[in-house]
Amino acid sequence: EASTGVLYAPPCCSRQVLEVDAAARSVQQIGIDLRGKWGYFANFCEGKDGDLYAPPCNGRRVIRVEVQTRTVSKVGPDLGKGERKFVAPFTLAPNGKLYCPPYFSSTYVVEFDTDQEVLSTVGPDLGPSCKYA
């Protein structure tokens, strides 16, 4: 949920972000075409800037919903191919950065700096296979 009270869901197997405005009783798809099987699995997390962010599952980049403009974009570096990179959502830490644990093809916890749109790894390599959800 965004600070505006509108709910957003990232596209898992659909093409666009789903926007649910409960007060207006409206539902619509918004933003760019993000088509892909299991592109984004985890729900959005609100960053310190008020925008919403979701890590890629089979997708290649983080997606952002700019809540005030209802604009959807891909941000940060291209993480390349790989299945089920992340299935847990980002978590906003006290330092203002977003963190996400690895699931399958990703082997590190990642830190996303929304100011710089930089994605960094944190800690040791946690190895292959299913890890954290």
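Please refer to the structure higher up on the page.
Quick caveat: nothing in here was measured; it's all calculated off a predicted structure.

The rules behind these values
- Residues numbered from 1 in each chain as written.
- Predicted model: local features only at pLDDT ≥ 70, side-chain atom pairs only at ≥ 80, totals over all residues.
- Heavy atoms only, no water.
- Pairing = 2+ DSSP bridges.
- Helix = DSSP H or I, 4+ residues; strand = E, 2+ residues; numbered from the N terminus.
- Core = buried A, V, L, I, M, F, W, Y, C linked by side-chain atoms within 4.5 Å.
- Buried < 20%, exposed > 50% of the residue type's maximum accessible area, 1.4 Å probe, protein only.
- Contact = heavy atoms within 4.5 Å.
- Phe/Tyr/Trp six-rings, centres within 6.5 Å; stacked < 30°, edge-to-face > 60°.

1. Let's talk about the sheet that holds strand S5 (residues 52-54)
And step 1. The strand order S4-S5-S6-S7 describes an open sheet built from four strands, whose pairing is antiparallel. Two strands in the sheet have a free side with no partner beyond their single neighbour: strand S4 (45-46) and strand S7 (71-75).
And step 2. Inspection of the sheet shows strand S6 (residues 62-66) paired to S7 by five bridges, in the antiparallel sense. If you follow Arg64 over to S7, its bridge partner there is Ser73.

2. Focus: the nonpolar core
And step 1. In this structure, Tyr8, Val17, Phe44, Leu52, Ile63 and Val65 are the most contacted members of the largest nonpolar core, which totals 14 residues.
And step 2. Of all the elements in the fold, those that place two or more residues in this core are S5 and S6.
And step 3. Ignoring sequence-local partners within four residues, the contact set of Tyr8 consists of Ala2, Val17, Leu18, Glu19, Ile30, Asn43, Phe44, Leu52, Val65, Val67 and Arg70.
And step 4. The next biggest cluster of nonpolar side chains, apart from the first, holds eleven residues, and it includes Val62, Phe86, Leu98 and Leu119.

3. Some remarks on the packing of aromatic side chains
And step 1. Throughout the structure, instances matching the rule amount to three aromatic pairs.
And step 2. Between Tyr53 and Phe112 the ring centres are 5.8 Å apart and the planes differ by 55 degrees, which places this aromatic pair in the tilted class. In this pair, Tyr53 is assigned in strand S5 and Phe112 in strand S10 (residues 109-113), connecting sequence segments 59 residues apart.
And step 3. You can call Tyr53 buried: its relative accessible area is 1%.
And step 4. Between the aromatic rings of Phe90 and Phe112, the centroid separation amounts to 6.1 Å while the plane-to-plane angle is 25 degrees, which identifies the pairing as stacked. Within this pair, whereas Phe90 is found in the loop between S7 and strand S8 (91-92), its partner Phe112 is found in strand S10, the two being separated by 22 residues in sequence.
And step 5. Judged by its relative accessible area of 4%, Phe90 is buried.
And step 6. With a relative accessible area of 0%, Phe112 lands in the buried category.
And step 7. Members of the aromatic cluster, each reached through a chain of ring pairs, are Tyr53, Phe90 and Phe112.

So, to be careful, I would describe these as geometric facts and stop short of saying anything about function.
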